[in-house]
Each structure stands twice: as structure tokens, then as C-alpha cells.
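Inside the fold
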Amino acid sequence: MQRLSQWLGQLGTPDGDVLPVRLGTTRLSSTGAAPTRAQGFDQPLLWVTVALLLWGLVMVYSASIAMPENPRFARYTHGYFLVRHAMWLLMASAAATLAYQIPLTTWEKMARPLFVLSLILLALVLIPHVGKVVYGARRWISIGPLSFQPSELAKFTVLLYAADYMVRKMDVKERFFRAVLPMGTAVAIVGVLLLAEPDMGAFMVIAVIAMGILFLGGVNARMFFLIAAVLLVAFAAIIASSEWRRERIFAYLDPWSEKNALAKGYQLTHALIAIGRGEVFGVGLGGSVEKLNWLPEAHTDFLLAVIGEEFGLIGVVLVIGLFLWMVRRMMYIGRQAIALERVFAGLVAQGVAVWVGFQAFINMGVNLGALPTKGLTLPLMSYGGSAILVNLVAIAVVLKVDRENRTLMQGGRV
């Protein structure tokens, strides 16, 4: 009787409400729409980022704990770099949380003003008594007890500017003088300011970010390879015209020679010794010998060498795997945004992937002896407050792109 009453009740429903389709024994007209709950953002990407940050915090402490034994750092405590790194992580997390609240349309409107701001800061850092000199390079601006590196902000602002530029030039992207040359001029201006510091590593990263966004934005392949060739020639000319850069290249080619082992090849040889000592499973957390004031910059540029010594091949492969997964995931989020006709958001997400992937690749190559020594930190892990802050803001923007993608796919509005 109950089944008969249900059947009669269904006959009484208006024809427009009946969907005459069955799946097995289930009549779709009798099933209500299941409520869906959107996941706020890509949580695996967030947790991989957190894992790299926390592992980096531990390794910065491990790599810097013996530095006060060096007379140059005698005034520091054993936890000095740990405390400062933790402070920057807190500030970076707050900045990333704020950046996540900003819609991509607002970032698009802010792209050009932020780019101009970064140019002003890059110029200010060159002024005596404004820019702080460390190891002969003028790259930092002191803000109270902290130091900010404008070149790190420039990486992010060039990324935003390039993505906004490609959206504006989408109709003429096949024309060199109207599409590529203005962007090349902007990057050249940034390059001149960076090379005056000097900071060739940051210039390389910025050039690759701009090239990557031009390529992903659909610039003609022939023009892309022409730009790449011009950049290679420019970098070769810069190296050829600088004696100390040439010496660094020669030291990379033969770091173990009597001339280079205690000079330009010193960092590379000790990085290789550290990684060799780690073998497969490492000597254990805290057991590194090279960090005992043998390997310079163990907590910054050569943090991966300490990871290789203390965690071995397994630790290095794990770090590489985490970065590969992160880059792949951000590229996917970018492609998803472009498929939803959100070109600016998609290019920004993919640009962050190019940035993080290329800088991590260079740092890993230097630590493993596959590339000449270059002063680039390992993103999210190495000590360096400006880099951590800007990296986290960039990843927060990618998470915002993913959040807006999910909203649109569920029929919402952004």
C-alpha cells in the first residue's frame, strides 16, 4: 500500500517536474539535488607549502647553530637565525593571509602601479646610506631591525605586470614591435638596475618569468626563441665583461684544482663534500660537519647541501619531489583558470610556477655541482625574510586563483 501511494503521488506531480530517466531502480525525478560543499582552496598545495616551510625552519636552525663560533658572528646567539627566520615566517603568513583576500581583478588593476613601485625601490637601493652593502653588493634596504630586498618584490611585480601586459596585448601578440619589444624594454630597465647592485641571479629569474609568461600567453614561437637567443647572448656578454664572473665559471669547470679549491671553487667543493658524506640515508639531523663553519652560507644558498648531508639522497629526492609536485599543481590551476576564460589569473598562477620551479632548479643545480655557483636561495626553505614573504604572498595568490576557479565551476560569481 505504501509503494502504491508513492506511485500515485508521483502521478500527481506536474509534468515539468518529472525527469523520465532511470538509473537502475532509482527514478531521478524522485531524488533531490544533493547539496554540494566547495573546498575553499587547494589544501594539498597549502600543506606541501607548510611542509617545506617547517622543514626549512628546522634546517635553518641546524645549519646556523654553529655560526656564533665564527669570530665574524660572535655577537650572535646560537638561535639568532632561527628566531629571525621564525619572525619572518609569522609576518609572511600574515601578509599571505591578507593577499588571499584580494580578488584577482584587484591584482590586475594594481599590476602597473606595483611594477612602478618596484622600480623606485630598485633605484633607491643604489643610493648610498639608503641601500645596505653586504659582501660588496648593495641589495637591501634597512627597515628598523629588518632588511628588505627589493629584487624579491620585483620578481612578483614583473610577474603581475607581464600577465597584465599579455592580456592587454592579446590582439597583437603575433607582432614583435607591438607585443614583445615593450615588455623586453621593461625587463631591460629592471635588468640594468639589478646589475648595478649587482644581482645577476635575480635578473635571470625575472627574465625567465617574463619569457615564460610571454610563451604561455601565446607569443609566436619564432619570436620566443629569438628572445631566448638575445637573452643568452646578453648573459654571455655580461659574464665575458666581468673578470670575477669569468673566474667563477672557470672554477665551476675545475673546482678541485689547486688554484680554485681554496678560492672561487671553495663553496662548491665543500657542498659536494657535504652531499657525498650524506650518502643514501644521511648522517642524521644535526650531524653535519660541513655546517661547522666549513661551508659558507650553509643556511642560505647552500641549505640543500646540509639537507643532503643530514638526510642523504632520500632527503634531496624528497625536496625535489615536493617542488616538482608544487610546480605541476600550480600549472594545473593556471590552465584551469585559462579554460574558464580568466587569462590574467591563469598566467599569474603559471608564472608563479615558472618562478618557483626555475629558482629551485638553479639552487639545486648549484648545490649538486651541475651549474655554476649563483647566489639564489632555495624558495620557502632557505634563510631570507624578503624571499619568504614574497614567495608566500605569491602562493596565496595562486590559492586565490584556485578558490575563484572553484566558485565559477559551481555557478558562483567572483
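Quick look at the structure, then. (Residues numbered from 1 in each chain as written. Predicted model: local features only at pLDDT ≥ 70, side-chain atom pairs only at ≥ 80, totals over all residues. Heavy atoms only, no water.)

1. A short note on the packing of aromatic side chains
Each aromatic ring pair is specified by the distance between its two centres and by the angle formed by the two planes. Per the counting criterion, the structure on display carries 11 aromatic pairs. For the pair phenylalanine 115 and tyrosine 161, a centre-to-centre distance of 4.4 Å together with 15° between the ring planes defines the contact as stacked. Here tyrosine 161 lies in helix α5 (residues 150-168) and phenylalanine 115 lies in helix α4 (residues 104-124), a separation of 46 residues in the sequence. Note on accessibility: phenylalanine 115 and tyrosine 161 belong to one class, buried. Clustering of aromatic rings is evident, with ring pairs tying together Phe73, Tyr76, Tyr80, Phe81 and Tyr383. Of note, lysine 400 hangs over the ring of tyrosine 100, and the distance from its end group to the ring centre comes to 5.3 Å. (Phe/Tyr/Trp six-rings, centres within 6.5 Å; stacked < 30°, edge-to-face > 60°. Helix = DSSP H or I, 4+ residues; strand = E, 2+ residues; numbered from the N terminus. Buried < 20%, exposed > 50% of the residue type's maximum accessible area, 1.4 Å probe, protein only. Lys NZ or Arg CZ within 6 Å of the ring centre and 35° of its normal.)

2. A word on the pattern of salt bridges
Counted according to the given criterion, the structure contains eight salt bridges. Notably, a salt bridge pairs aspartate 164 with arginine 168, separated by 3.0 Å at the nearest N-O pair. Placement of both aspartate 164 and arginine 168 in helix α5 is noted, with a separation of four residues, approximately one turn of the helix. Salt bridges sharing common partners tie together Arg112, Asp164 and Arg168. (Salt bridge = Lys/Arg side-chain N within 4 Å of Asp/Glu carboxyl O.)

3. Observations concerning unusual backbone geometry
The omega torsion across glutamate 197 and proline 198 is -5°, close enough to zero to call that bond cis. Position of proline 198 relative to the elements: it lies in the loop between α6 (176-195) and α7 (200-216). In this structure, asparagine 293 is a non-glycine residue whose phi angle is positive, near 65°. With respect to the helices and strands, asparagine 293 occurs in the loop between α10 (266-278) and α11 (303-339). For glutamate 297, which is not glycine, the phi dihedral falls at a positive 55°. Assignment of secondary structure puts glutamate 297 in the loop between α10 and α11. Taking the relative accessible area as the measure of exposure, glutamate 297 reaches 23% and is therefore partly exposed.

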